[in-house]
Amino acid sequence: MLAAAGRSAPVLPVVALMALLALPVSGDTARSGGAAPADAMSGVLVLLAVAGAVRRAERPLSRTALVVLGLPVVGFAVAATGAADAATGLTGLGRYLQVFVLVPAAVLLLVRDRADLRVLAWAFVGLALVQGGIGAHQYATGTGASYMGADIRAVGTFGPTDVMGMATVVSYGVICAVGLALGAAPGRGTGTGTATGSAAGTGTGTAARQRAVALVCALLLLVPLALSFSRGAWIATAVACAAQLLLAGVRRAIAVCAVATAVAVVLVGGVGIGTAMLQERVDSITKVTDAPDQSVVDRYTMWAAAVGMWRERPVTGVGLKNFPAHRDGHASLALSSGSDTAGAGSGFVRQPLLSPHNMYLLVLSEQGLLGLLALAGGWGALLVLGVRRLTLVRRAAVRAPGGPSARGADCGLLACGLLVWQLVDFAYADIGGPSTVLTAVALGVVAWWALGADAR
């Protein structure tokens, strides 16, 4: 145990950062968007990565990594100059650098090999089980966030002001568990005799255990994900898992879909977990034009406002953190004054609508085409490079099963799944809240698989 911990020492600070997200978030921190303990730890993470690179006295990032991770800085810097004041611009610049550049680069530098990446994957699953367990208890005992007049919405330790926090954490856990389950493959020896048979048996047993445990974790996490009542997280998780299944193979995708369908029928139809409210929430996804609820009306109104801001300044946008200041000048009268939050240990609070809840439109409105192309272009590059590397690993597995080049499909599947989830979820959400730092860690995992030399 001590030897394993010592071997994974460089990546343990990342695990510590994730563990801090299991701590309860104070209402003042959540409402003000101030720094949480995990944000402070992310700064330590960056310093450790820089110190390690200096100690090794080598170029820490490849040219491709420098371009993909560094290009968005141009858009951030230009948009910061258009902020309402210098303090606001620096605050926004620091947040964007933290989430999309510094922390992902630090994770890329601290993760040394696929074993380290698997440690992070299980840390994602562990954090999701903790937050999901708290959320399920909140639903069962009526101590969650307010939803349709009842305190039943599962939000974990993030509170009612960050209702997407637990849903994000649990979704990451599902994606990592599915990737670990689909990609688990035993290592086979290349020699002959008893030693080879023993190694093959050990590898097969380890892979089977990883697959079984990961599959059980994924199924368990579906319950708190459903109880989060987060439509965006549901859609993103479904798309990401479907992508993972297709990348793992069509036959396996069909088998897993059959099992998932059977489990869903048992949970919802047999056990009856949240049947009425879940059905109503699912139905609301399709009611975007036919009697939509106020949250949908507000979202589309803010989307239209974001597009209006971009049309005014199409190249550079209105400036970092300037969406709230320009919102009323572009929004229609259909926009409500805010959203009501209550429950989970907090009193009633009227939360102002300060963002369009769409990352692409937020960047487009505040940073213009320059910022969006730089940021989204980097995400596209990560997706292409990640899928390409996964394809190479799967081809190597066909040519030489059990060889060193054939191992790591689980890492590729969970990394690609995390990125697909994030790209889909960004159509319904944006950065903000204590859980945002976990998004930066997830992007670091993706960057290591797509850009890291050791990922090969």
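Residues numbered from 1 in each chain as written. Predicted model: local features only at pLDDT ≥ 70, side-chain atom pairs only at ≥ 80, totals over all residues. Heavy atoms only, no water.

Visitor: I tried to follow the overall build of the chain on my own but got confused; where do I start?
Guide: Regarding its fold elements, the chain presents 18 helices and four strands. Counting every position in the chain, which comprises 456 residues, the buried fraction comes to 48%. Put simply, of all contacts in the chain between residues at least 6 apart along the chain, 79% involve residues at least 24 apart. Total accessible area on the chain is roughly 19,800 Å²; 67% of this is exposed by carbon and sulfur atoms. (Helix = DSSP H or I, 4+ residues; strand = E, 2+ residues; numbered from the N terminus. Buried < 20%, exposed > 50% of the residue type's maximum accessible area, 1.4 Å probe, protein only. Contact = heavy atoms within 4.5 Å. Areas by Shrake-Rupley, 256 points an atom, 1.4 Å probe, with all protein chains shown as cover.)

Visitor: Help me understand the pairing of strand β2 (residues 150-153), please; the structure alone is not making it clear to me.
Guide: Here is the key point about a regular strand: its side chains alternate between the two faces of the sheet. Where strand β1 (residues 145-147) and β2 come together, three bridges link them in antiparallel fashion. Looking at the pairing, Ala145 lines up with Arg153 of β2. Turn length for the β1-β2 hairpin, with the two strands adjacent in sequence and antiparallel, is two residues, and the turn residue Met148 shows positive phi of about 55°. (Pairing = 2+ DSSP bridges.)

Visitor: Just to check I follow, could you spell out empty space enclosed by the protein for this structure?
Guide: Over the atoms rolls a probe the size of a water molecule, and in doing so it shows where empty space is left. One pass over the full model with this rule turns up one cavity of 30 Å³ or more. What the largest cavity holds in volume is close to 90 Å³. Every residue lining the largest cavity is listed: Val68, Leu69, Pro72, Phe100, Pro104, Leu375, Gly378, Trp379, Leu382, Leu443 and Ala447. Ranked by residues supplied to the lining of the largest cavity, first place goes to helix α16 (residues 359-399) with four residues. Tallied by class, the residues present in the lining of the largest cavity amount to ten nonpolar, one polar and no charged. (1 Å grid on protein atoms, 1.4 Å probe; cavity = no way out; pocket = protein on both sides within 12 Å on 5 of 7 lines; lining within 4 Å. Points joined across faces, edges and corners; volume = space filled by probe spheres on them. Nonpolar A, V, L, I, M, F, W, Y, C, P; charged D, E, K, R; others polar.)

Visitor: Honestly, the environment of Gly135 in this entry has me stumped. Any pointers?
Guide: Checked against the element boundaries, Gly135 lands in helix α8 (residues 114-141). Spatially, the C-alpha atoms of Gly135 and Ala167 are 9.4 Å apart, while their sequence positions differ by 32 residues. Residues contacting Gly135, with those up to four places away along its chain left out, are Ala154, Gly156 and Met166.

Visitor: When you look at the confidence of the model for the chain in this model, what are you seeing that I'm missing?
Guide: For residues with low pLDDT, the predicted coordinates do not support detailed interpretation. In the predicted model, the chain carries a mean pLDDT of 82, and 77% of its residues have values of at least 70. The low-confidence segment residues 1-5 (pLDDT under 50) makes one contact with residues lying over four places distant or belonging to another chain. In this model residues 187-200 is a low-confidence stretch, pLDDT under 50, and it forms ten contacts with partners more than four residues away in sequence or in other chains. (pLDDT = per-residue confidence, 0-100.)

Visitor: Sorry if this is basic, but what is going on with the side chain of Gln210 here?
Guide: Within the element layout of this structure, Gln210 appears in helix α10 (residues 194-227). Within the structure, Gln210 has its side chain in polar contact with the backbone oxygen of Leu180 (distance 3.1 Å). (Polar contact = N/O pair within 3.5 Å; in protein donor to acceptor, adjacent residues only side chain to side chain.)

Visitor: Please explain the nonpolar core as it appears in this structure.
Guide: The nonpolar side chains of a soluble globular protein tend to be buried, and buried together. The biggest cluster of nonpolar side chains holds 115 residues, and the ones touching the most others in it are Val14, Met18, Tyr96, Phe100, Phe124, Met359 and Leu418. Other than its neighbours up to four places away in sequence, Val14 contacts Leu45, Val107, Leu110, Leu120 and Val441. (Core = buried A, V, L, I, M, F, W, Y, C linked by side-chain atoms within 4.5 Å.)

Visitor: Any chance you could explain unusual backbone geometry here in plain terms?
Guide: Residues apart from glycine generally show negative phi values, whereas peptide bonds are mostly found in trans. One non-glycine residue, Phe229, lies in the positive phi region at around 55°. Residue placement: Phe229 occurs in the loop between α10 and α11 (231-248). Accessibility expressed as a relative area gives 0% for Phe229, which makes it buried. Positive phi, normally seen in glycine, also occurs at His357, with a value near 55°.

Visitor: Sorry, what's going on with the pattern of salt bridges here?
Guide: Here the idea is simple: oppositely charged side chains can pair when their charged atoms come close. Per the counting criterion, the structure on display carries four salt bridges. Here Asp39 makes a salt bridge to Arg95, at a shortest N to O gap of 3.1 Å. Note that Asp39 is positioned in helix α4 (residues 37-56) and Arg95 in helix α7 (residues 86-110), a separation of 56 residues in sequence. Residue Arg327 is joined to Asp328 by a salt bridge in which the shortest nitrogen-to-oxygen separation is 3.0 Å. (Salt bridge = Lys/Arg side-chain N within 4 Å of Asp/Glu carboxyl O.)

Visitor: It is not clear to me how the side chain of Asn322 should be interpreted in this structure. Could you clarify?
Guide: Its location among the elements puts Asn322 in the loop between α14 (294-312) and α15 (323-330). Accessibility expressed as a relative area gives 6% for Asn322, which makes it buried. Polar side-chain contacts of Asn322 include one of 3.1 Å to the backbone oxygen of Gly82. Beyond its immediate chain neighbours, meaning those up to four positions away, Asn322 contacts Gly82, Ala83, Ala84 and Glu366.

Visitor: What is the right way to read the packing of helix α6 (residues 72-81) against α7 from this model?
Guide: When two helices pack together, you describe them by how their axes are tilted relative to each other and by the distance separating the axes. The interhelical angle for the contact between α6 and α7, taken along N-to-C directions, is 165°, at an axis separation of 9 Å. Classified by the angle between their axes, α6 and α7 sit roughly antiparallel to one another. Crossing handedness for the pair α6 and α7: right-handed. For the pair formed by α6 and α7, the contact residues are Val73, Phe76, Ala77 and Ala80 on the first element and Gly89, Leu93, Tyr96, Leu97, Phe100 and Val101 on the second. Grouping the constituent residues of the contact of α6 with α7 by class yields nine nonpolar, one polar and no charged. (Axes fitted to C-alpha atoms, helices over the stretch in contact; angles between N-to-C directions. Parallel < 35°, antiparallel > 145°, perpendicular 65-115°, else oblique. Left-handed = near helix turned anticlockwise from the far one by under 90°.)

Visitor: Could you clarify how one ought to interpret α8 in this entry?
Guide: Every α-helix winds through 3.6 residues per turn, so residues three or four apart in the chain are directed the same way. The terminal C-alpha atoms of α8, which comprises 28 residues, lie 40 Å apart, in line with the 40 Å expected from a rise of 1.5 Å per residue. Between the side-chain oxygen at the start of α8 and the backbone nitrogen of Ala115 there is a gap of 3.2 Å, and the oxygen is on Asp113. Gly142 lies just past α8 and shows a positive phi near 70°. (Expected span 1.5 Å × (residues − 1).)

Visitor: Can you walk me through a nonpolar patch on the surface in this structure?
Guide: There is a patch of nonpolar side chains on the surface, built from Val67, Leu71, Val74, Val78, Val315 and Leu370 and spanning about 470 Å² of accessible area. By the secondary structure assignment, Val315 is in the loop between α14 and α15. (Patch = residues over 30% accessible without salt bridge, like charges linked within 9 Å, V, L, I, M, F, W, Y side chains within 5 Å.)

Visitor: How should the packing of aromatic side chains be read in this particular structure?
Guide: By convention here, two paired aromatic rings are described through the distance between centres and the angle between planes. This model, assessed by the stated rule, comprises twelve aromatic pairs. By way of ring pairs, the aromatic residues Phe76, Tyr96, Phe100, Tyr360, Trp379 and Phe426 are connected into one cluster. (Phe/Tyr/Trp six-rings, centres within 6.5 Å; stacked < 30°, edge-to-face > 60°.)

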